[in-house]
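Survey of secondary and tertiary structure
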Amino acid sequence: MKEAEEQTTNTTDGGRGFPKVVSYKRWIQIAIFTMFLLFGESTATMLGRLYFTKGGNSKWMAAFVQTAGFPLMFPFIFLFSPSKTPHEHHHQLVEKPSWTTLVILYTILGISLAADCMLYTFGLNFLPVSTYSLISASQLAFNAFFSYLLNGQKFTPFIANSLILLTFSSTLLVFQSDSEETRQISRSKYIIGFVCTVAASSGYGLMMSITQLAFQKILKSTSHKVVFDMIMNQNMIACVGILVGLFASGEWKDIKSEMRGFESGSVSYILILVGTAVSWQVFSAGCVGLIFEVSSLFANVISTLGIPIVPVLGVIFFDEKLNGVKVISMLLAIWGFVSYIYQHYLDDSKEKAKERRINHDRDVNLA
C-alpha cells in the first residue's frame, strides 16, 4: 500500500515531490528533519569558523571532519530496518536494486561529496564570511535549475517568490563591513576562494537533485532506512577519499603541533573537531531526510534559510554586532520560507478537497 501511495505521489504531485494528502505524522517528520538541518548547518559552520579562528590551518582536516561522523548512522540503520514479513521480503527481493547499481551510485555521490567538502573548505579559508555566504547562496539557484531538468520541478508564483527572497536575503550579507578582512587576502587567494565556492555550490546543487532522483528511480523505498544508508555510504566513501588526501598531502604530520599550538588548548581542539563531525552528520540527516520526504529544492530552501542564522549566532557567541542588514536578511529569509510553505499548504488543501469529493461521489454511487 505504501509503495502504491509513493508511486502515485511521484507521478501526480506536479513535480514537487510532495504527497497529496499530508498526515500530521509526516508534517512532524518534516519539522524534525528541518530542525536537524538548521541546527547542524549553523552549529557546524560556527565550529568550522572557530577552528580556523583559534589557530587551525589544515584544510584536509577541516574537510575530513565533515564526513568522519558517518559511524553515527549505524544505530539508525538498524532502528529503521523494516519488518521482515514474507510479503515484504518477497517485495524487497523484487524491487531492491543490484549491488553494482548501489556501488556506482554511492561512489559517485561519495566522490562528489569529498570534492565539495574540499572546495567549500578552500572557500571558507580564503574568503570573508559574508562573501562566502553570498556565493554559497547560489547553490539554491543551481539546485533549482537541476531540479527543473532532473526532477521535473514546476515553479509556481509562490515558489519563485520564495527563491528570489531567499537569494536576496543571503545577498544582503555581502554589504556587511568586511573591507579590512578583504584587504588582508591576496588577489590570487580571493580568486581561488571565489572559484572554489562557486564550483562547490553548483556541485552540491547537482548532488541534491541526483539524490532525489535516486530515491525516486533507484531505491524506491518508503522506509527511512534508505535515508541513513545514503548518508552513511556516501560519507564513508568521501571520508576515505579525504583521508587519503590528508596523508598524501603530508598535512597529517602537522596535526600534533597544530593541536599543541591551538589557542584554547588541545582539549578544546579535539572537542571542536568532534563537535563539527557530529554537527555535519545531524545536518546530513536533516538534508537527506527532507529530500526523501519532500524534494531537493525544499531541502535547499531550508538550507538557504539557515545562512542568515549564522550571523545571528555570531552575535551571541562571538560578540559580533547585529546591524540592520543582518536583521533585514533574517526577515527576508523567514518571508521566503513562509512563501514556500504556503505553496505546499495550498497544494495540500486542494488535494484534501479533491479527496473528499472523490469519497463523496463514491458513497453516492454505492448508495
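Residues numbered from 1 in each chain as written. Predicted model: local features only at pLDDT ≥ 70, side-chain atom pairs only at ≥ 80, totals over all residues. Heavy atoms only, no water.

- Under the annotation held in an unreviewed UniProt entry, the chain carries the name Probable purine permease and is attributed to Lactuca virosa.
- The Sequence similarities (unreviewed entry) field of the UniProt record for the chain holds the comment "Belongs to the purine permeases (TC 2.A.7.14) family." (UniProt positions renumbered as here; feature names shortened; annotations may be inferred.)

Here we look at the environment of L113
- Relative to the helices and strands, L113 resides in helix α6 (residues 99-126).
- Distance in space between the C-alpha atoms of L113 and G241 is 9.7 Å, their sequence separation being 128 residues. (Helix = DSSP H or I, 4+ residues; strand = E, 2+ residues; numbered from the N terminus.)

Brief notes about the pattern of salt bridges
- In this structure the tally under the stated criterion is three salt bridges.
- In this structure, R26 and E293 form a salt bridge, with 2.8 Å as the shortest nitrogen-oxygen distance. With R26 in helix α2 (residues 24-53) and E293 in helix α14 (residues 266-293), the pair connects residues that are 267 residues apart, well separated along the chain.
- We note a salt bridge from D229 to K225, for which the minimum N-O separation is 2.8 Å. With a gap of four residues between them, D229 and K225 both fall in helix α12 (residues 225-249), about one helical turn apart.
- For K225, a relative accessible area of 23% corresponds to the partly exposed category. (Salt bridge = Lys/Arg side-chain N within 4 Å of Asp/Glu carboxyl O. Buried < 20%, exposed > 50% of the residue type's maximum accessible area, 1.4 Å probe, protein only.)

Observations regarding empty space enclosed by the protein
- Tallied over the full model, the rule gives one cavity of 30 Å³ or more.
- Approximately 770 Å³ is the volume found for the largest cavity.
- Within the residue set of the lining of the largest cavity, elements represented by two or more residues are α2, α6, α7 (129-136), α11 (187-219), α12, α14 and α15 (296-305).
- Sorting elements by how many residues they give to the lining of the largest cavity places α14 first, with eight residues.
- Of the residues contributing to the lining of the largest cavity, the split by class is 22 nonpolar, 17 polar and three charged. (1 Å grid on protein atoms, 1.4 Å probe; cavity = no way out; pocket = protein on both sides within 12 Å on 5 of 7 lines; lining within 4 Å. Points joined across faces, edges and corners; volume = space filled by probe spheres on them. Nonpolar A, V, L, I, M, F, W, Y, C, P; charged D, E, K, R; others polar.)

What about the packing of aromatic side chains?
- A complete count under the given rule lists 10 aromatic pairs for this structure.
- Relative to F283, the ring of W280 has its centre 5.4 Å away and its plane inclined at 85°; by these criteria the two rings are edge-to-face. Taken as a pair, W280 and F283 lie in helix α14 at a separation of three residues, close to a single helical turn. Across this residue pair, the class does not change: W280 and F283 are buried.
- Put simply, the rings of Y51, F52, F262 and Y269 pair up and form one aromatic cluster. (Phe/Tyr/Trp six-rings, centres within 6.5 Å; stacked < 30°, edge-to-face > 60°.)

What to know about α14
- The first and last C-alpha atoms of α14 sit 41 Å apart over 28 residues, in line with the 40 Å expected at 1.5 Å per residue.
- The element α14 is largely enclosed, with a buried count of 20 among its 28 residues. (Expected span 1.5 Å × (residues − 1).)

Description of the side chain of T121
- Relative to the helices and strands, T121 resides in helix α6.
- Of note is the side chain of T121, whose polar atom sits 2.7 Å from the backbone oxygen of C117.
- Beyond its immediate sequence surroundings of up to four residues, T121 is in contact with F52, K59, A62, A63 and Q66. (Polar contact = N/O pair within 3.5 Å; in protein donor to acceptor, adjacent residues only side chain to side chain. Contact = heavy atoms within 4.5 Å.)

Considerations on the packing of α12 against α14
- The geometry of α12 relative to α14 is characterised by a closest axis approach of 9 Å and an angle of 130° between their N-to-C directions. By the angle class used here, α12 and α14 are oblique. You can see that α12 and α14 cross each other, and the crossing is right-handed. Residues V226, V227, F228, M230, I231 and N235 of α12 form the contact with α14, whose participating residues are Q281, S284, A285, V288, G289 and F292.
- A breakdown of the residues in the contact of α12 with α14 according to their chemical character gives eight nonpolar, four polar and no charged. (Axes fitted to C-alpha atoms, helices over the stretch in contact; angles between N-to-C directions. Parallel < 35°, antiparallel > 145°, perpendicular 65-115°, else oblique. Left-handed = near helix turned anticlockwise from the far one by under 90°.)

Re the nonpolar core
- One finds Y51, M61, Y204, F215, M230, C287 and L290 to be the most contacted residues of the largest nonpolar core, which totals 77 residues.
- Among the elements that line this core, the one with the most residues is α14, at 12 residues.
- Residues within four places of F215 in sequence aside, it is in contact with K220, V226, V227, M230, V288, I291 and F292. (Core = buried A, V, L, I, M, F, W, Y, C linked by side-chain atoms within 4.5 Å.)

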